[in-house]
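Structural overview for review
Take a look at the letters that make up each chain.
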Amino acid sequence: MSTPPTRRKPRTDAERNRDRVLEAARALFAEHGYDVQMSEVARVAGVGVGTLYRKFPTREALIEAVAAHRSAEMVAFARERCLAEGDPSQALARFLGHVGEVLAGDRGMSEVIEQAMGSTEPQGEPRAKLHAVVGELIDAARAGGTVRADVTAADVNMIVCGLAAVIRHSAGDWRRFAEIALNGLRS
């Protein structure tokens, strides 16, 4: 009887290389747009082109990984800074403020994600994790008496989409938009 193969944990240097590639890609795509060459990403990350292509065989795979990484950062912020540290009644507002800061700072990257994936909205597992943590933020706000009983993660997702559109199209002050939207959720 044979034992099933076990999945090995990536080596520390491989993880470090992946992180450097994602950081380099995020910065380059944000500054120069979709047409950044993969060789330029490898050069800025300090890895070989072969290493880059082994991890990310296409530009779209790289962009999808950058988008998933950005979503993971938002989830981590929500857990570590909004739920764990702060006033539960302010957790949702703090999260939306952070999302606005990320989107405003990553405007070019958002355009690249939309061009490659058809939407800037996270998909698959990143989407599920974001919706789960937003649900926790809503529960905390509800427990603090600051949001209506009928507020859902889908409602907050609509606000994030509106926030992204305001930022992407320079359609006004995104902070004011977030404030008005949050007022609409208040109990």
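In what follows, the accompanying structure is described. No experiment lies behind these values; they were computed from the predicted model shown.

A closer look at the pattern of salt bridges
Enumeration over the complete set of coordinates arrives at 11 salt bridges. One salt bridge in this structure joins glutamate 114 and arginine 168, with 3.5 Å as the shortest N-O distance. Of this pair, glutamate 114 sits in helix α6 (residues 107-117) while arginine 168 sits in helix α8 (residues 153-168), and the two are 54 residues apart along the sequence. The exposure class assigned to glutamate 114 is partly exposed, which follows from its relative accessible area of 31%.

Remarks on the packing of helix α5 (residues 91-105) against helix α7 (residues 124-143)
Remark: α5 packs on α7, axes separated minimally by 9 Å, with the N-to-C direction vectors making an angle of 140 degrees. Touching Ala91, Leu92 and Phe95 of α5 are Leu130, Val134 and Leu137, all from α7. Looking at the contact of α5 with α7 residue by residue, the class counts come to 6 nonpolar, no polar and no charged.

Some thoughts on the packing of aromatic side chains
Considering all chains together, one arrives at 0 aromatic pairs under this definition. Looking at arginine 59, its charged tip hangs above the ring of tyrosine 34, at a distance of 5.3 Å from the centre.

Concerning α8
The end-to-end C-alpha separation of α8 is 22 Å, in line with the 22 Å expected for 16 residues at 1.5 Å each. Listed in full, the buried residues belonging to α8 are Ala153, Val156, Asn157, Ile159, Val160, Leu163, Ala164, Val166 and Ile167. Summarising the contacts, the buried residues of α8 are in contact with α5, α6, α7 and α9 (174-185). Where α8 ends, the next residue or the one after it, serine 170, has phi of about 45 degrees, a positive value.

Cut-offs applied
- Residues numbered from 1 in each chain as written.
- Predicted model: local features only at pLDDT ≥ 70, side-chain atom pairs only at ≥ 80, totals over all residues.
- Heavy atoms only, no water.
- Salt bridge = Lys/Arg side-chain N within 4 Å of Asp/Glu carboxyl O.
- Helix = DSSP H or I, 4+ residues; strand = E, 2+ residues; numbered from the N terminus.
- Buried < 20%, exposed > 50% of the residue type's maximum accessible area, 1.4 Å probe, protein only.
- Axes fitted to C-alpha atoms, helices over the stretch in contact; angles between N-to-C directions.
- Contact = heavy atoms within 4.5 Å.
- Nonpolar A, V, L, I, M, F, W, Y, C, P; charged D, E, K, R; others polar.
- Phe/Tyr/Trp six-rings, centres within 6.5 Å; stacked < 30°, edge-to-face > 60°.
- Lys NZ or Arg CZ within 6 Å of the ring centre and 35° of its normal.
- Expected span 1.5 Å × (residues − 1).

Fair warning: the whole summary comes from geometry, so function is off the table for now.
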